[in-house]
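Each chain is listed here by its residues.
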Amino acid sequence: MNTTNRYNSFNQVHKGLRAYLYDTALKLQQTDLADAKAGEAAMQQVEEVLVLFESHAHNEDEFFNRPLEETSPEVARMFEKEHEEDHRLGQVLTDLVAQWREEPDDHARAITGRNLFYAFNEFIAFNLYHMNKEEIELNAVLWKQYSDATIKATEQALVQSVPPQKMMKYAKWMVRGINNTELIKWLQEVRVFAPAELLTALLSILEHELPTERFDRVMRGLNKPAAVL
Ligand SMILES: [Fe+2]
């Protein structure tokens, strides 16, 4: 079955989440974790990554895996189990952040900071495999069972369940993590289907995040006659 033209509901949010993982990994590499002040900024970023991954996994379970328990229980259970492992790896990081904050001196912070860096690398490695697997194996099951229209409707329900403030955090990393074609398509959909305030909020994120030349290019694409959505 040729499925490359099917709707990949995970593409955009996973690209955003990967961008956040890569950025945080680099921040951890560039930060002297012996230094309490510089290290604290990196710790807060790690905590924010964990919040977004935790709610992302929760939403995938609620909107995609749980409904599959009836028809494809092995697949649903496998991905729910992976989310449990993801949660465990996140808990290791949460504990290390707490431990790092308690450390009495630079030397102890450097040691716990190094352990935290390795734990974050494990979190990234696991999630890179996990997100690929969702886009290949979970999508294969979803595509077999549902139409693209149904998948999009499920995604809409998921997106609407996310509080606006948190949605803006995901949006920032999605803007940073996707290509121009994807940005234009996203904006076109928001323009047609979402309240005007959301388009305004999204455009202001784009303006802030993208270099001027790229922002202008995306705006020109958006203002061309809309492609069939
Ligand atoms: Fe997931």
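This structure is a prediction, so every number in the text was calculated from the model and none was measured. Residue numbers here run from 1 along each chain, matching the order of that chain's written sequence. Where totals are concerned, whole chains, interfaces and linings use all residues; where local detail is concerned, this predicted model gives features only for residues with pLDDT of at least 70, and gives and counts side-chain atom pairs only at 80 or more. Values shown for side chains rest on all heavy atoms present in the structure; no hydrogens or waters enter the calculation.

**Some remarks on the overall build of the chain**
Only DSSP runs of H or I reaching four residues or more are called helices, and only runs of E reaching two or more are called strands; each is numbered from the N terminus. In terms of regular secondary structure, the chain is built from 9 helices and 0 strands. Helices and strands appear in the chain in the N-to-C order α-α-α-α-α-α-α-α-α. Values of the radius of gyration come from C-alpha atoms, whereas the globule rule sets the reference at 2.2 Å times the count of residues to the power 0.38. Relative to the globule expectation of 17 Å for 229 residues, the C-alpha radius of gyration of the chain, 19 Å, shows essentially globular dimensions. Each principal axis of the C-alpha distribution contributes one length, and for the chain these read about 60 × 45 × 30 Å. Only protein chains enter the accessibility calculation, which uses a 1.4 Å probe. A residue is then buried if its area is under 20% of the maximum for its type, exposed if over 50%, and partly exposed in between. Counting all 229 residues of the chain, 45% fall into the buried class. Expressed as a percentage of contacts within the chain between residues at least 6 apart in sequence, the contacts between residues at least 24 apart total 75%. Of the charged side chains in the chain, 25 are positive and 36 negative; the average position of the first set lies 6 Å away from that of the second. Here a residue-residue contact requires only that any non-hydrogen atoms of the pair lie within 4.5 Å. Neither His nor the chain ends contribute to the count of charged residues, in which Lys and Arg are positive and Asp and Glu negative. Where a charge lies is defined by one atom per residue type: Lys uses NZ, Arg uses CZ, Asp uses CG and Glu uses CD.

**Describing the domain arrangement of the chain**
Segment limits for the domains were obtained from an automatic or database-derived domain assignment. Splitting the chain by domain gives domain 1 (11-161) and domain 2 (179-229). Taking the mean C-alpha position of each, domain 1 and domain 2 sit 27 Å from one another. The buried area of a pairing is the accessible area, by a 1.4 Å probe, that goes missing from both parts when the two are put together, added over both. Interface area for domain 1 against domain 2, summed over the two sides, is near 310 Å², with a carbon-plus-sulfur share of 26%. When the buried surface of domain 1 facing domain 2 is broken down by residue, Gln12, Lys15 and Lys152 rank first, second and third, together holding 86% of it. The working definition used for a salt bridge is a side-chain nitrogen of Lys or Arg within 4 Å of a carboxyl oxygen of Asp or Glu. Where domain 1 meets domain 2, there are 1 salt bridge. With a shortest N-O distance of 3.0 Å, Glu182 and Lys15 are connected by a salt bridge. At 3 residues, the largest contribution of residues to the side of domain 1 that touches domain 2 is made by helix α1 (residues 11-30).

**Describing the coordination of the iron ion**
For Na, K and Ca the donor cut-off is 3.2 Å, while for other metals it is 2.8 Å, and in both cases only N, O and S atoms qualify; water is not among them, so sites may look incomplete. Those protein atoms acting as donors to the iron ion are Glu60 (OE), His83 (NE2), His130 (NE2), Glu134 (OE) and Glu134 (OE), and they sit at 2.0 to 2.8 Å. Here the donor residues for the iron ion map to a single chain with the spacing E-x22-H-x46-H-x3-E. Of this pair, Glu60 sits in helix α2 (residues 36-71) while His83 is found in helix α3 (residues 73-102), placing the two residues 23 residues apart along the sequence. The pair formed by Glu60 and His83 is uniform in burial state, with each residue classed as buried.

**Some remarks on empty space enclosed by the protein**
Think of a 1 Å grid over the protein atoms and nothing else: a 1.4 Å probe that fits but is trapped marks a cavity, an open set flanked by protein within 12 Å on at least five of seven lines marks a pocket, and residues with an atom within 4 Å of a point count as lining. Grid points are joined across faces, edges and corners, and a volume is the space filled by probe spheres set on the points. With the rule as written, the count across this model stands at 1 cavity of 30 Å³ or more. When its volume is computed, the largest cavity comes out at roughly 40 Å³. In this structure, the largest cavity is lined by His14, Phe53, His56, Ala57, Glu60, His83, Asp86, Asn127, His130, Met131 and Glu134. Looking at the lining of the largest cavity, the elements with two or more residues in it are α2, α3 and α4 (106-145). Classification convention: Asp, Glu, Lys, Arg as charged; Ala, Val, Leu, Ile, Met, Phe, Trp, Tyr, Cys, Pro as nonpolar; all other residues, Gly among them, as polar. Class assignment of the residues belonging to the lining of the largest cavity gives a composition of 3 nonpolar, 5 polar and 3 charged.

**Remarks on the packing of α2 against helix α5 (residues 148-161)**
As a rule, the C-alpha atoms of each element are fitted with a line to give its axis, helices using only the stretch in contact, and angles between N-to-C directions run from 0 to 180 degrees. One can describe the packing of α2 onto α5 by two numbers: an axis separation of 10 Å at closest approach and a directional angle of 145°. Both α2 and α5 take part in a crossing whose hand is right-handed. Together, Asn59, Glu60, Phe63 and Phe64 of α2 and Ile151, Thr154, Ala157, Leu158 and Ser161 of α5 make up the contact between the two elements. Classifying every residue of the contact of α2 with α5 by side-chain character gives 5 nonpolar, 3 polar and 1 charged. Helix crossings fall into two classes, left-handed where the near helix is turned counterclockwise from the far one by less than a right angle and right-handed where it is turned clockwise.

**Some words on α5**
One fewer than the residue count of a helix, multiplied by 1.5 Å, yields its expected span. In a regular helix each residue adds 1.5 Å, so 14 residues correspond to 20 Å; α5 covers 20 Å between its end C-alpha atoms and thus fits that length. Buried within α5 are the following residues: Ile151, Glu155 and Leu158. Taken end-on, α5 shows its buried residues confined to a sector of 60°, consistent with a single buried face. Across from the buried face of α5, at angles greater than 90 degrees, the exposed residues are Ala149 and Gln160. Turning to α5, the residues buried within the fold contact α2 and α4. This arc is taken over the directions from the axis of the helix to the C-beta atoms.

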